[in-house]
Amino acid sequence: MADQYAHSGDDKRPTEIPAIRWEEPPEGPVLVLLDQTRLPAEEVELVCTDASALVEAIRSLAVRGAPLLGIAGAYGVALAAVRGFDVDDAASALAGARPTAVNLAVGVRRAQSAHEAALAKGGDVRQAAAAALAAARQLHREDAEASGRMAEHGLALLDELLPGGGHRVLTHCNTGSLVSGGEGTAFAVALAAHRTGRLRRLWVDETRPLLQGARLTAYEAARSGMAYTLLTDNAAGSLFAAGEVDAVLIGADRITADGSVANKVGSYPLAVLARYHHVPFIVVAPVTTVDLDTADGASIEVEQRPGHEVTEVTAPQVPAVGTEAGGGIPVAPLGTQAYNPAFDVTPAELVTAIVTEEGVVSPVTAEALAEVCARSHRGTAG
């Protein structure tokens with residue numbers, strides 16, 4: 001189990017608490033996570049001493065978001081190696097913790113491969129563990145750099161599509177520094193627009209069922225001083241109809257070879273609305289999210305979440321009669337069945353552009369995606 005340490009916020013500003021970090025106290029290396037299930041009410045850190053604690057944190061969404069899951073997966077392999085656990089077992093458990101987000105498996109494989117390569121060259125277990133940790137740290141740095149480049153490319157695209165500034169951007173779920181080694185993906189673009197005086201309004205979908213937009217994106221927007229407004233997911237259509245949305249910016253958990261985009265459930269209806277209302281629908285994601293081994297959207301395994309996430313609401317600091325603090329408050333009759341996919345899939349023809357750290361893909365085609373991935377691999381090799 002992960003240990004919990006609460007911070008009052010008196011000694012740290014929220015921007016100074018990273019979403020993930022590696023620490024080496026006297027009792028042994030640990031992976032420290034900002035528990036995203038407790039935001040925005042309180043800032044609590046989880047300290048993972050082994051891969052099983054990290055798997056639990058991933059499944060509970062204490063740590064989440066495609067790029068950050070990749071980083072966490074790599075650190076989890078390193079943690080297992082440094083502490084003397086079976087690396088292959090840890091890698092298998094971590095990679096399977098959430099099936100839709102491809103970055104998780106990519107990060108796990110990267111650290112695992114570094115570990116295996118060190119052993120194959122005659123290194124001992126300590127050298128192999130050090131190689132796994134170095135791979136995780138390198139991935140962490142690369143993601144931070146990719147975040148900055150995506151923000152630049154995304155802002156340039158907004159200016160091209162919407163000259164004159166004053167952008168009114170709608171976003172879905174959470175794509176800021178809580179999901180990244182840097183300032184995020186789609187949120188980083190909006191933040192860049194804000195810093196340059198081009199953002200008029202950030203429309204924030206609350207994002208059912210776990211309210212990542214309300215709890216996390218609004219939290220990040222508020223601490224960044226952005227002009228933002230929260231709305232229920234099913235109010236988005238009325239905003240489009242009123243002409244109040246200039247562009248949609250979302251992230252992605254997996255982009256297939258044909259350009260289909262898996263993202264937090266509710267993204268596909270936004271794409272349909274955007275197409276009908278002639279509004280650009282822009283996906284922002286690092287190249288590590290592009291999965292050329294998955295042919296199309298129909299081939300994506302969509303994670304199904306527990307029904308209680310729909311039939312109950314969680315109020316960590318507001319205990320109700322008959323419930324414990326942190327427990328679910330029923331909002332549907334006992335025994336109600338719930339359909340609760342974590343993601344939906346948007347076909348490439350509804351996507352105006354995919355923004356990566358290597359540039360913008362528009363129109364979205366299999367050939368253009370493959371070229372971006374090849375460009376990234378050439379850069380890595382160099």
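Okay, so let's go over this structure. (Residues numbered from 1 in each chain as written. Predicted model: local features only at pLDDT ≥ 70, side-chain atom pairs only at ≥ 80, totals over all residues. Heavy atoms only, no water.)

This part takes up the pairing of strand S2 (residues 20-23). Alternating positions in S2 separate cleanly, Ile-20 and Trp-22 being buried on one face and Arg-21 and Glu-23 remaining unburied on the opposite face. By the bridge criterion, 4 bridges tie S2 to strand S3 (residues 30-34) in an arrangement that is antiparallel. Bridge pairing in S3 links Trp-22 to Leu-31. Between S2 and S3, which follow one another and run antiparallel, lie 6 residues, and Gly-28 among them has a positive phi close to 130 degrees. (Buried < 20%, exposed > 50% of the residue type's maximum accessible area, 1.4 Å probe, protein only. Helix = DSSP H or I, 4+ residues; strand = E, 2+ residues; numbered from the N terminus. Pairing = 2+ DSSP bridges.)

A word on the sheet that holds strand S10 (residues 261-264). If you walk across this open sheet you meet the 4 strands as S12-S9-S10-S15, and the pairing is mixed. Looking at the sheet topology across the chains shown, the edges are occupied by strand S12 (290-291) and strand S15 (343-346). Looking at chain direction, strand S9 (residues 254-256) and S10 are connected through 2 bridges and run antiparallel. Following the sheet pairing, Arg-254 is matched in S10 by Ala-262. In the packing of helix H9 (residues 267-276) onto the sheet, contacts are made with S10 and S15, and the angle to S15 comes to roughly 35 degrees. (Contact = heavy atoms within 4.5 Å. Axes fitted to C-alpha atoms, helices over the stretch in contact; angles between N-to-C directions.)

A few words on the sheet that holds strand S17 (residues 359-361). In a beta sheet, neighbouring strands are held together by backbone hydrogen bonds and run either parallel or antiparallel to one another. What the 7 strands build is an open sheet, ordered S7-S6-S5-S8-S11-S16-S17; its pairing is mixed. The sheet terminates laterally at strand S7 (228-231) and S17, the two strands that pair on one side only. Geometrically, the sheet is characterised by an average inter-axis angle of 25 degrees between neighbouring strands, direction not taken into account. Pairing of strand S8 (residues 247-250) with strand S11 (residues 281-284), which is carried by 3 bridges, proceeds in the parallel orientation. The residue of S11 that forms the bridge with Ile-250 is Val-283. Contacts from H9 reach strand S5 (167-171), strand S6 (199-205), S8 and S11, with the element oriented near 140 degrees to S11.

Tallying each qualifying case throughout the model produces 15 salt bridges. A salt bridge links Arg-198 to Asp-159; the shortest N-O distance between them is 2.9 Å. On the criterion of sequence distance, the pair formed by Arg-198 in the loop between helix H6 (186-195) and S6 and Asp-159 in helix H5 (residues 125-161) is long-range, its members being 39 residues apart. Look at Arg-198 and you get partly exposed, because its relative accessible area is 27%. Glu-303 is paired through a salt bridge with Arg-305; the nearest N and O atoms lie 2.8 Å apart. Take Glu-303 and Arg-305: they sit in the same class, and that class is buried. Salt bridges linked by common partners bring Arg-98, Glu-303, Arg-305 and Glu-309 together as one network. (Salt bridge = Lys/Arg side-chain N within 4 Å of Asp/Glu carboxyl O.)

Another point: the packing of helix H2 (residues 66-82) against helix H4 (residues 102-120). Here H2 crosses H4 at 30 degrees, and the two axes come no closer than 7 Å. The angle between H2 and H4 places the two elements in the roughly parallel class. As H2 runs across H4, the sense of the crossing is right-handed. Contact residues: H2 offers Ala-66, Pro-67, Leu-69, Gly-70, Gly-73, Ala-74, Val-77 and Ala-81, while H4 offers Asn-103, Leu-104, Gly-107, Val-108, Ala-111, Gln-112 and His-115. Taken together, the residues of the contact of H2 with H4 sort by class into 9 nonpolar, 6 polar and no charged. (Parallel < 35°, antiparallel > 145°, perpendicular 65-115°, else oblique. Left-handed = near helix turned anticlockwise from the far one by under 90°. Nonpolar A, V, L, I, M, F, W, Y, C, P; charged D, E, K, R; others polar.)

Glancing now at helix H7 (residues 212-223). Here H7 contains 12 residues, and its C-alpha end-to-end distance of 16 Å stays within 8% of the 16 Å for a straight helix at 1.5 Å per residue. Where burial is concerned, most of H7 is hidden: 9 out of the 12 residues are buried. Listing the buried residues of H7 in full gives Gln-212, Gly-213, Arg-215, Leu-216, Thr-217, Ala-218, Tyr-219, Glu-220 and Ala-221. In this structure, the buried residues of H7 make contact with strand S4 (43-48), S5, H6, S6, S7 and S10. Count one or two residues on from H7 and you reach Gly-225, which has phi positive near 70 degrees. (Expected span 1.5 Å × (residues − 1).)

Geometry only, nothing functional implied.
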